[in-house]
Amino acid sequence: QQQVKQSPQSLIVQKGGISIINCAYENTAFDYFPWYQQFPGKGPALLIAIRPDVSEKKEGRFTISFNKSAKQFSLHIMDSQPGDSATYFCAASPSNAGGTSYGKLTFGQGTILTVHP
Amino acid sequence: DTAVSQTPKYLVTQMGNDKSIKCEQNLGHDTMYWYKQDSKKFLKIMFSYNNKELIINETVPNRFSPKSPDKAHLNLHINSLELGDSAVYFCASSHLLTGDEQYFGPGTRLTVT
């Protein structure tokens, strides 16, 4: 059972454009939603994360939008650059507070982003 | 200074062999994980250890056995390797109770022929 569904599978954007990747989840116990960035031959690295107490979080050119009622969240990359070309994964887990989730991340299928110069 | 390191980076072996992958973290974290990334890049958690104690075991075949000699190391031993075990294996670490961010190692690409 795929608990976190990610789309699109691949995305091509021109330099300076906006990249948007969407995720939907099923488990209402999820309350931590990170995005990871992975370059070829490297391990995933945390890009930005959000908790459901806010509907949006922005860090530089990267913004997460969160819709709790729809159980959806998305990553927006503004002014996309060729250096942003990578695979992006959304993920979700129940809260780590109190250790109840033990850090069990469920990942989406990944989106390969290509930014053309 | 490498935060999470894995050895080897590449591992090519034949079906039926036994192999191990080693992981070390120098971040002072108390929790370590093993993930499997398949050919379609799908990432799935396999195991999690907190202070040398197994806390997550995600229905992984018992041919896979994690071992944590101390909280800075988590090794993965695989017996009787099968073609379907070919994948990239990532180690990660985090603070269990004080932080959610997981730091990933560079991965070990296992190819079973």
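As shown above, the structure is provided for reference.
Fair warning: this is a prediction, and the values are worked out from it, not measured in the lab.

A. Here's a closer look at the layout of surface pockets. Reported here for the largest pocket is a volume of approximately 350 Å³. Considering the residues around the largest pocket, the lining is formed by 21 residues, among which Gly41 of chain A together with Gln37, Val88, Phe90 and Arg109 of chain B are closest to the centre. Sort the elements by how many residues they give to the lining of the largest pocket and strand β11 (residues 108–112) of chain B lands first, with four residues. The residue makeup of the lining of the largest pocket, split by class, is eight nonpolar, eight polar and five charged.

B. Molecular detail of the sheet that holds strand β1 (residues 4–7) of chain B. All names here are of chain B. Across the sheet, which stays open at both edges, the four strands sit in the order β1-β3-β8-β7 with antiparallel pairing between neighbours. Of all strands in the sheet, those bounded by a partner on one side alone are β1 and β7 (64–70). When strand polarity is set aside, the average angle formed by the axes of neighbouring strands in this sheet is 20°. Of the strand pairs in this sheet, β1 and strand β3 (residues 19–25) are connected by four bridges, and their pairing is antiparallel. Looking across to β3, one finds that glutamine 6 is bridged to cysteine 23.

C. Spotlight on the state of the cysteines. Residue and element names in this part refer to chain A. Scanning all chains against the criterion turns up two disulfides over all chains. Bridging cysteine 23 to cysteine 90, the disulfide has an S-S length of 1.9 Å. In this structure, the disulfide formed by cysteine 23 and cysteine 90 twists by about -95° around the S-S bond and is classed as left-handed. In this pair, cysteine 23 is assigned in strand β3 (residues 19–25) and cysteine 90 in strand β9 (residues 86–92), connecting sequence segments 67 residues apart. Cysteine 90 matches cysteine 23 in its accessibility class, with the two residues each being buried.

D. Inspection of unusual backbone geometry at higher detail. Here the bond from serine 7 of chain A into proline 8 of chain A is cis, since omega is -5°, no more than 30 degrees from zero. One can find proline 8 of chain A in the loop between β1 (4–7) and β2 (10–14). Along the chain, threonine 7 of chain B connects to proline 8 of chain B via a cis peptide bond; the corresponding omega equals -5°. By the element assignment, proline 8 of chain B lies in the loop between β1 and β2 (10–13). Phi is positive for aspartate 79 of chain A, close to 45°, though the residue is something other than glycine. Structurally, the position occupied by aspartate 79 of chain A is in the loop between β8 (72–77) and β9. Overall, aspartate 79 of chain A belongs to the partly exposed group, its relative accessible area being 39%.

E. Focus on the environment of proline 82 of chain A. All names here are of chain A. Within the secondary structure, proline 82 sits in the loop between β8 and β9. Taking C-alpha positions, proline 82 is 34 Å from asparagine 27, a pair spaced 55 residues apart along the chain. The contact partners of proline 82, leaving out residues within four places of it in the chain, are Lys15, Val115 and Pro117.

F. Broad picture of the pattern of salt bridges. Per the counting criterion, the structure on display carries six salt bridges over all chains. Of the charged contacts, one joins lysine 57 of chain A and glutamate 59 of chain A as a salt bridge, the two residues approaching to 3.7 Å between their closest N and O atoms. Since its relative accessible area comes to 32%, lysine 57 of chain A is described here as partly exposed. As a salt-bridge pair, glutamate 82 of chain B and arginine 63 of chain B come within 3.5 Å of each other at their nearest N and O atoms. Taken together, the positions of glutamate 82 of chain B in the loop between β8 (73–78) and β9 (87–94) and arginine 63 of chain B in the loop between β6 (53–57) and β7 put the pair 19 residues apart, joining distant regions of the chain. Its relative accessible area of 13% is what places arginine 63 of chain B among the buried residues. Ionic contacts of the salt-bridge type, sharing partners, join the residues Lys104 of chain A together with Lys44 and Glu58 of chain B into one network.

G. View of the nonpolar core. Residues and elements named next belong to chain A. Phe33, Trp35, Phe73, Leu75 and Tyr88 are the most contacted members of the largest nonpolar core, which has 24 residues in total. Those elements that provide at least two residues to this core are β2, β3, β4 (33–38), β5 (45–50), β7 (62–67), β8, β9 and β11 (111–116). Per-element accounting of this core gives the leading share, four residues, to β9. Once residues lying within four places of it in the same chain are set aside, the contact partners of leucine 75 are Ser19, Ile20, Ile21, Trp35, Leu47, Ile48, Phe62, Thr63 and Tyr88.

Definitions and limits used
- Residues numbered from 1 in each chain as written.
- Chains lettered and ligands numbered in written order.
- Predicted model: local features only at pLDDT ≥ 70, side-chain atom pairs only at ≥ 80, totals over all residues.
- Heavy atoms only, no water.
- 1 Å grid on protein atoms, 1.4 Å probe; cavity = no way out; pocket = protein on both sides within 12 Å on 5 of 7 lines; lining within 4 Å.
- Points joined across faces, edges and corners; volume = space filled by probe spheres on them.
- Helix = DSSP H or I, 4+ residues; strand = E, 2+ residues; numbered from the N terminus.
- Nonpolar A, V, L, I, M, F, W, Y, C, P; charged D, E, K, R; others polar.
- Pairing = 2+ DSSP bridges.
- Axes fitted to C-alpha atoms, helices over the stretch in contact; angles between N-to-C directions.
- Disulfide = S-S within 2.5 Å.
- Buried < 20%, exposed > 50% of the residue type's maximum accessible area, 1.4 Å probe, protein only.
- Contact = heavy atoms within 4.5 Å.
- Salt bridge = Lys/Arg side-chain N within 4 Å of Asp/Glu carboxyl O.
- Core = buried A, V, L, I, M, F, W, Y, C linked by side-chain atoms within 4.5 Å.

Function cannot be inferred from these measures alone, as they are strictly geometric.
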